[in-house]
Amino acid sequence: MMKVIDLSIKEKIYKSKQSQLSILNNFNLEVAAGEKIAIVGESGAGKSSLLNIIGLLDRNYVGEYTLFGSPTDHSHTSELAQWRNQRIGFVLQESALINSLTVEDNIKLPFLYAGSEKKNLREDENFETVVNAIGIKPILKKKPLECSGGERARAVFARGIIMKPQIILADEPTASLDMENRERIVALLFGLNREFGTTIITVTHDLEIANRHDRVIHLERSK
């Protein structure tokens, strides 16, 4: 099976005025297309940082990264931006919704960066399916501040998968949800994996969710 991620991190350093923290030392990750990977570990081990590196949001580390068969350090900035919009779906905790837009407009933001033909095709095919599957149709005309935390979390999730990306990076996607909506999110993630071969990488503290993936990677804090 084709390898979509080949990542080798020698070191990732966080610096502050008082201290310096080194994480993900000598960390290696290979992921085949269509795999479901869960990442678990204690706070400070680098789980969210790893997702940011995989998703090309953080390139400040020592190491090498080949994504979709291309070394990322040789890729043009515009190509990386296109990957982030169309080939990688982000469901990150810091993916804040824009409060001046409705939930519907927030979810449709990725279409603004796609070509018109692809935009029209995907918007018609995907939007209704996604919002119905997640159960957020009643809040589409609301602004984010008018919604509950769980509703906002589901809206962020919808925005992350709306383009049917090749890779979905999910950071605690079920953390603020009740059991019913947690199962909706997991079912939709795994449904994309089965139907389209989408690669899923999920950071979670929920071991029951983690063990439903193909592999579980445990991160430990550097000594």
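It should be noted that the structure appears before, not after, this text.
Residues numbered from 1 in each chain as written. Predicted model: local features only at pLDDT ≥ 70, side-chain atom pairs only at ≥ 80, totals over all residues. Heavy atoms only, no water.

Some words on the pattern of salt bridges
- Inspection of every chain in the model, using the stated rule, returns 14 salt bridges.
- Where Asp58 meets Lys12, a salt bridge forms, and the shortest distance between an N and an O atom there is 2.7 Å. Taken together, the residues span a long stretch of sequence, with Asp58 in the loop between helix H1 (47–54) and strand E5 (62–67) and Lys12 in strand E1 (residues 3–15) at a distance of 46 residues. Judged on exposure class, the residue Asp58 and its partner Lys12 are both buried.
- Here Glu104 and Lys141 are joined by a salt bridge, their closest N and O atoms 2.5 Å apart. Residue Glu104 is found in helix H3 (residues 103–107), and its partner Lys141 is found in the loop between helix H5 (116–134) and helix H6 (149–161); the two are separated by 37 residues along the sequence.
- Note on Lys141: relative accessible area 65%, which makes it exposed. (Salt bridge = Lys/Arg side-chain N within 4 Å of Asp/Glu carboxyl O. Helix = DSSP H or I, 4+ residues; strand = E, 2+ residues; numbered from the N terminus. Buried < 20%, exposed > 50% of the residue type's maximum accessible area, 1.4 Å probe, protein only.)

Let's talk about the sheet that holds strand E10 (residues 215–219)
- With parallel pairing, the five strands of this open sheet are ordered in space as E7-E8-E9-E4-E10. Two strands in the sheet have a free side with no partner beyond their single neighbour: strand E7 (88–91) and E10. The sheet shows a mean angle of 15 degrees between the axes of neighbouring strands, direction not considered.
- Bridge count between strand E8 (residues 167–171) and strand E9 (residues 199–203): five bridges; the pairing is parallel. Across the sheet, Ala170 pairs through a bridge with Thr202, a residue of E9.
- On the sheet, helix H2 (residues 77–87) packs against E7 and E8 and is oriented at approximately 70 degrees with respect to E7.
- Helix-sheet contacts for H6 involve E7 and E8, and the interaxial angle to E7 is about 175 degrees. (Pairing = 2+ DSSP bridges. Axes fitted to C-alpha atoms, helices over the stretch in contact; angles between N-to-C directions. Contact = heavy atoms within 4.5 Å.)

Topic: the environment of Gly34
- Considering the arrangement of structural elements, one finds Gly34 in the loop between strand E3 (27–32) and strand E4 (36–41).
- Separated by 32 residues in sequence, Gly34 and Met2 place their C-alpha atoms 9.0 Å apart.
- Once you skip the residues sitting within four places of it in the chain, Gly34 turns out to touch Asn193, Gly197, Thr198, Thr199 and Asp214.

Considerations on the packing of H6 against helix H7 (residues 179–196)
- In the contact formed by H6 and H7, the axes pass within 12 Å of each other and the chain directions differ by 5 degrees. On the basis of their axis angle, the class for H6 and H7 is roughly parallel. Residues Arg154, Phe157 and Ile161 of H6 form the contact with H7, whose own contacting residues are Asn181, Arg184, Ile185, Leu188, Leu189 and Leu192.
- Taken together, the residues of the contact of H6 with H7 sort by class into six nonpolar, one polar and two charged. (Parallel < 35°, antiparallel > 145°, perpendicular 65-115°, else oblique. Nonpolar A, V, L, I, M, F, W, Y, C, P; charged D, E, K, R; others polar.)

Examining unusual backbone geometry
- Its identity as a non-glycine residue notwithstanding, Leu56 has a phi of 65 degrees, on the positive side.
- With respect to the helices and strands, the residue Leu56 is situated in the loop between H1 and E5.
- Note on Leu56: relative accessible area 4%, which makes it buried.
- Positive phi, normally seen in glycine, also occurs at Phe68, with a value near 55 degrees.
- Mapped onto the secondary structure, Phe68 falls in the loop between E5 and strand E6 (70–71).
- The exposure class assigned to Phe68 is buried, which follows from its relative accessible area of 13%.

A look at the nonpolar core
- Counting residues in hydrophobic clusters, the biggest one holds 32 residues, and the most contacted among them are Ile5, Leu7, Leu50, Ile54, Leu67 and Ile201.
- Those residues in contact with Leu67 that lie beyond four places of it in its chain are Val4, Ile5, Ile54, Leu56, Thr72, Trp83, Ile88 and Ile167. (Core = buried A, V, L, I, M, F, W, Y, C linked by side-chain atoms within 4.5 Å.)

Observations concerning the side chain of Ser49
- Note that Ser49 resides in helix H1.
- Ser49 sits in the buried class, given a relative accessible area of 8%.
- In this structure Ser49 touches Tyr14 and Ile23, once residues within four positions along its chain are discounted.

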